[in-house]
Amino acid sequence: MIATGLLASAVRSGPPAWLRRSFGRAALAIVLPLAVLLVWTASARWGWLPQQILPSPIEVWQSFVDLAGSGELLHHTDVSLLRVVYGFAAGAGAGLLLGTAMGLSPTVEDYVKPLFTALAQVPTLGWIPLLMLLVGIDETLKIVIIAKAAFVPITINTAAGMRAVPRGLVEVAESFRFSRFQLLRKVAFPAAVPQIFTGIRYGLTHAWMALVGVELLASSEGLGYLLVWSRQMFWLDQMIVGMLVIGLVGLLMDAILGLVEARLQRWRVAGL
């Protein structure tokens, strides 16, 4: 009887509030893509733009199926992801180290910040001509450009996060005679997690955009190369497939980082 009563109460009250909120947010997230798809379909159906300029969604889907079936799309995606992994790891590691040093030591910041700020003002793709002369146009160029793109936002946000660590937490750690490593691991990094991850997410976004840019200019494989080759051959349906894959992969990587950040936030709360 008790179980029946609880079931009847749940049915009358409807789904829980968190489930309704999640469903509502998911529904809102697909409204704009669906609207774009409808306008795109209408344009192809009624000829608002020539098919040579804007292929129909059906043609783009067929091109996706062909590229995926041949393995070409997977190959280009794998190449681009591998470059991002190497470049982002290098840029993130250097950014975390320099940002931590700048955030914790005013002396280091005084020495480093003017030069860092000046170099950071040069757009990532603006380094390509010089780096082509220094390292050539092979994989090293792509990895260095990706690393630079990730390095700047991660350094800035890590330094800001370290400077924002409450002084009271540091004093408590000092009263317990924490070593410098313990202070970083148990106090500074947990307190700075939100800003550090903001920098990491920005850094990954910038790294992904820089990768596509450098592949457009100096590559014979990768998603950026797929775009430029498709444009040169006027295969616009294939070019749109590349654009959609680039956007979806970037969205997926950001979502994964968001989940990791949420887990670290729970660890941070537990640690503090």
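Overview of the structure. Just so we're clear, the structure is a prediction, and the values are computed from it rather than from any experiment. (Residues numbered from 1 in each chain as written. Predicted model: local features only at pLDDT ≥ 70, side-chain atom pairs only at ≥ 80, totals over all residues. Heavy atoms only, no water.)

1. Some thoughts on the packing of aromatic side chains
Geometry of an aromatic ring pair is reported as the spacing of the ring centres plus the angle between the planes.
Logical step 1: Summed over the entire model, instances satisfying the criterion amount to 4 aromatic pairs.
Logical step 2: Taking 5.8 Å as the distance between ring centres and 75° as the angle between the ring planes, the aromatic pair formed by phenylalanine 116 and phenylalanine 151 counts as edge-to-face. Pair noted here: phenylalanine 116 is in helix H5 (residues 106-120) and phenylalanine 151 is in helix H7 (residues 139-163), with a separation of 35 residues, a long-range link.
Logical step 3: In this structure, arginine 45 is placed above the aromatic ring of tryptophan 46, and the distance from its NZ or CZ to the ring centre is 5.9 Å. (Phe/Tyr/Trp six-rings, centres within 6.5 Å; stacked < 30°, edge-to-face > 60°. Helix = DSSP H or I, 4+ residues; strand = E, 2+ residues; numbered from the N terminus. Lys NZ or Arg CZ within 6 Å of the ring centre and 35° of its normal.)

2. Here we look at unusual backbone geometry
Logical step 1: Not every positive phi belongs to a glycine, and phenylalanine 234 is a case in point at roughly 60°.
Logical step 2: Summarising the element assignment, phenylalanine 234 is placed in the loop between helix H10 (223-232) and helix H11 (236-271).
Logical step 3: Residue classification places phenylalanine 234 among the exposed residues on the basis of a relative accessible area of 55%. (Buried < 20%, exposed > 50% of the residue type's maximum accessible area, 1.4 Å probe, protein only.)

3. Here we look at the side chain of histidine 76
Logical step 1: In this structure, histidine 76 sits in helix H4 (residues 72-104).
Logical step 2: Of the polar contacts made by the side chain of histidine 76, one reaches the backbone nitrogen of glycine 222; its length is 3.0 Å.
Logical step 3: The contact partners of histidine 76, leaving out residues within four places of it in the chain, are Glu221, Gly222, Leu223, Tyr225 and Leu226. (Polar contact = N/O pair within 3.5 Å; in protein donor to acceptor, adjacent residues only side chain to side chain. Contact = heavy atoms within 4.5 Å.)

4. Some remarks on the packing of H4 against H5
Logical step 1: In contact at an axis separation of 6 Å, H4 and H5 are set at 125° when each is read in the N-to-C sense. By the criterion of interaxial angle, the relationship of H4 to H5 is oblique. Here H4 contributes Leu98, Ala101, Met102 and Leu104 to the contact with H5, which in turn contributes Pro106, Val108, Glu109, Val112, Lys113 and Phe116.
Logical step 2: When its residues are assigned to classes, the contact of H4 with H5 shows 8 nonpolar, no polar and 2 charged. (Axes fitted to C-alpha atoms, helices over the stretch in contact; angles between N-to-C directions. Parallel < 35°, antiparallel > 145°, perpendicular 65-115°, else oblique. Nonpolar A, V, L, I, M, F, W, Y, C, P; charged D, E, K, R; others polar.)

5. Points about the pattern of salt bridges
Logical step 1: Under the criterion given, the structure shown has 5 salt bridges.
Logical step 2: The shortest N-O distance in the salt bridge between glutamate 139 and arginine 83 comes to 2.8 Å. Of this pair, glutamate 139 sits in helix H7 while arginine 83 sits in helix H4, placing them 56 residues apart in sequence.
Logical step 3: A residue is classified by how much of its surface remains accessible, and arginine 83, at 3% relative accessible area, is buried.
Logical step 4: One salt bridge connects arginine 83 with glutamate 215, and the closest N-O pair in it is separated by 2.6 Å. Remark: glutamate 215 occurs in helix H9 (residues 180-217) and arginine 83 occurs in helix H4; sequence separation between them is 132 residues. Here arginine 83 and glutamate 215 have matching classes, each one buried. (Salt bridge = Lys/Arg side-chain N within 4 Å of Asp/Glu carboxyl O.)

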